[in-house]
Amino acid sequence: MNNLDKLIQHFEEFPGIGGRQARRFAFHILTLNNSDTQEISELILNLRTSVAECQSCRRFFSRSGGTAVLCSICSDPNRDHTKLMVVERDSDIVAIERSNVYEGLYFVLGGTIPLLNSKDTNSLRSGGLKTVVESRITEGLSELILAFAVNPDGENTGRFVESLLKDYIAEHSITVSQLGRGLSTGSELEYADPETIKNALLNRH
Ligand SMILES: [Zn+2]
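Residues numbered from 1 in each chain as written. Predicted model: local features only at pLDDT ≥ 70, side-chain atom pairs only at ≥ 80, totals over all residues. Heavy atoms only, no water.

**Structural notes on the overall build of the protein chain**
Here is step 1: Check the secondary structure of the protein chain and you find eight helices and six strands.
Here is step 2: Each helix and strand of the protein chain, placed in order from N terminus to C terminus, yields the pattern α-α-α-β-β-β-α-β-α-β-α-α-β-α.
Here is step 3: If one aligns the C-alpha atoms of the protein chain with their principal axes, the spans along those axes are about 60 × 40 × 35 Å.
Here is step 4: Across the 205 residues in the protein chain, those meeting the buried criterion constitute 35%. (Helix = DSSP H or I, 4+ residues; strand = E, 2+ residues; numbered from the N terminus. Buried < 20%, exposed > 50% of the residue type's maximum accessible area, 1.4 Å probe, protein only.)

**Structural notes on the packing of aromatic side chains**
Here is step 1: Applying the stated criterion across every chain, the model contains three aromatic pairs.
Here is step 2: Here the aromatic rings of Phe 11 and Phe 14 are separated by 5.3 Å at their centres, their planes lie at 85°, and the arrangement is edge-to-face.
Here is step 3: Classification of Phe 14 by relative accessible area gives partly exposed; the value is 42%.
Here is step 4: Aromatic rings pair up to connect Phe 11, Phe 14 and Phe 25 into one cluster. (Phe/Tyr/Trp six-rings, centres within 6.5 Å; stacked < 30°, edge-to-face > 60°.)

**As for the coordination of the zinc ion**
Here is step 1: Protein-derived coordination of the zinc ion comes from Cys 54 (SG), Cys 57 (SG), Cys 71 (SG) and Cys 74 (SG), at a distance range of 2.3 Å.
Here is step 2: For the zinc ion, all donor residues lie on one chain, and their spacing in sequence is C-x2-C-x13-C-x2-C. Like Cys 71, the residue Cys 74 is buried in the burial classification. (Donors = N, O, S within 2.8 Å, 3.2 Å for Na, K, Ca; no water.)

**Considerations on the nonpolar core**
Nonpolar side chains tend to gather and get buried jointly when the protein is soluble and globular.
Here is step 1: Counting 45 residues, the largest nonpolar core has Leu 84, Met 85, Tyr 106, Leu 129, Val 133, Leu 144 and Leu 165 as its most contacted members.
Here is step 2: Looking at this core, the elements with two or more residues in it are strand E3 (80-87), helix H4 (90-98), strand E4 (104-108), helix H5 (126-137), strand E5 (143-147), helix H6 (152-164), helix H7 (166-171) and helix H8 (194-202).
Here is step 3: The contacts of Tyr 106, once residues within four sequence positions are left out, are Cys 57, Ile 73, Arg 79, Leu 84, Met 85, Val 87, Ile 93, Ile 96 and Glu 97.
Here is step 4: If you look at the next biggest cluster of nonpolar residues, it comprises five residues, including Phe 11, Ile 17, Ala 22 and Ala 26. (Core = buried A, V, L, I, M, F, W, Y, C linked by side-chain atoms within 4.5 Å. Contact = heavy atoms within 4.5 Å.)

**Description of unusual backbone geometry**
In terms of backbone geometry, most residues other than glycine have negative phi values and most peptide bonds are trans.
Here is step 1: Look at Arg 58: it is not a glycine, yet its phi comes out positive at around 75°.
Here is step 2: Mapped onto the fold, Arg 58 is located in the loop between strand E1 (51-53) and strand E2 (60-62).
Here is step 3: Residue classification places Arg 58 among the partly exposed positions, given a relative accessible area of 22%.
Here is step 4: With a phi angle near 50°, Ser 173 is a residue other than glycine that sits in the positive phi range.
Here is step 5: Ser 173 sits in the exposed class, given a relative accessible area of 61%.

**Considering the sheet that holds strand E6 (residues 175-178)**
Strands in a sheet are paired, the pairing made by backbone hydrogen bonds, and the direction either parallel or antiparallel.
Here is step 1: With parallel pairing, four strands are arranged side by side in an open sheet as E4-E3-E5-E6. In this open sheet, the two strands that pair with only one neighbour each are E4 and E6. Taking each pair of neighbouring strands and ignoring which way they run, the sheet shows an average axis angle of 25°.
Here is step 2: Alignment of E5 against E6, held across four bridges, turns out to be parallel. In the sheet register, Leu 146 faces E6, and the bridge partner there is Gln 178.
Here is step 3: Together, E3 and E4 form the strand contacts of H4, whose direction differs from that of E4 by roughly 155°.
Here is step 4: On top of the sheet, H5 reaches E3, E4 and E5; it is set at about 165° to E3, its chief contact. (Pairing = 2+ DSSP bridges. Axes fitted to C-alpha atoms, helices over the stretch in contact; angles between N-to-C directions.)

**Brief notes about the pairing of E5**
Consecutive side chains of a regular strand alternate in pointing toward one face of the sheet and then the other.
Here is step 1: Burial of E5 is extensive: five of the five residues sit out of reach of the surface.
Here is step 2: By the alternation rule, side chains of E5 split into Glu 143, Ile 145 and Ala 147 and Leu 144 and Leu 146, which are all buried.
Here is step 3: Relative to E5, E3 is paired through five bridges, and the arrangement is parallel. Paired with Lys 83 across the two strands is Glu 143, which belongs to E5.

**Topic: the packing of H5 against H6**
Helix packing for two helices is described by the angle between their axes and how far apart those axes are.
Here is step 1: At a minimum axis separation of 11 Å, H5 and H6 run at an interaxial angle of 55°. Taken together, the axes of H5 and H6 are oblique relative to one another. Seen along the crossing, H5 lies across H6 with a hand that is right-handed. Residues Ser 126, Leu 129 and Lys 130 of H5 pack against Phe 160, Val 161 and Leu 164 of H6. (Parallel < 35°, antiparallel > 145°, perpendicular 65-115°, else oblique. Left-handed = near helix turned anticlockwise from the far one by under 90°.)

Rendered as structure tokens:
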């Protein structure tokens with residue numbers, strides 16, 4: 001396999017990218033000048049050292065050369081530590097933050113559980129979520145907000161998280177809520193506008 005084919009194969013593994021788009025990416029790179037090509041290569045090479053996974057919420061954050069282990073949200077003393085929102089992926093946090101209405105903390109589960117294959121929970125950070133909930137309980141955790149996509153997989157994932165944490169929820173009287181009306185069926189948080197998210201959060205139930 002030549003270099004071009006190898007690159008196309010890597011792009012094909014990107015989320016949401018098919019063979020045709022992967023080829024377009026690779027051919028686009030061939031049209032770039034040397035300095036752009038160099039910059040992209042270096043950005044990719046250095047990404048692992050400049051970006052870290054937050055040890056609490058598990059989202060990726062830029063630590064700009066430092067040695068921080070917590071992201072700006074988790075290390076912010078003004079955030080409401082009694083609320084924990086569980087989301088599927090990093091980009092959901094970006095969408096929620098844009099709505100400017102939530103001041104609690106987050107946890108990135110890392111995926112959802114397909115309704116048709118509900119035994120497949122290996123790719124999720126179930127253990128990490130339990131650990132974070134345990135430590136948040138010592139800080140007065142009182143509400144767990146399940147913010148998954150409004151579709152069967154999202155609902156299935158919500159049920160999974162509730163049953164995973166049922167002992168903590170019962171023992172510490174933690175309220176479990178879901179995003180309310182406003183998010184249309186099938187919609188993913190990442191693509192919802194800030195106003196819609198704001199309403200869904202204010203109407204959580
Ligand atoms: Zn964090």
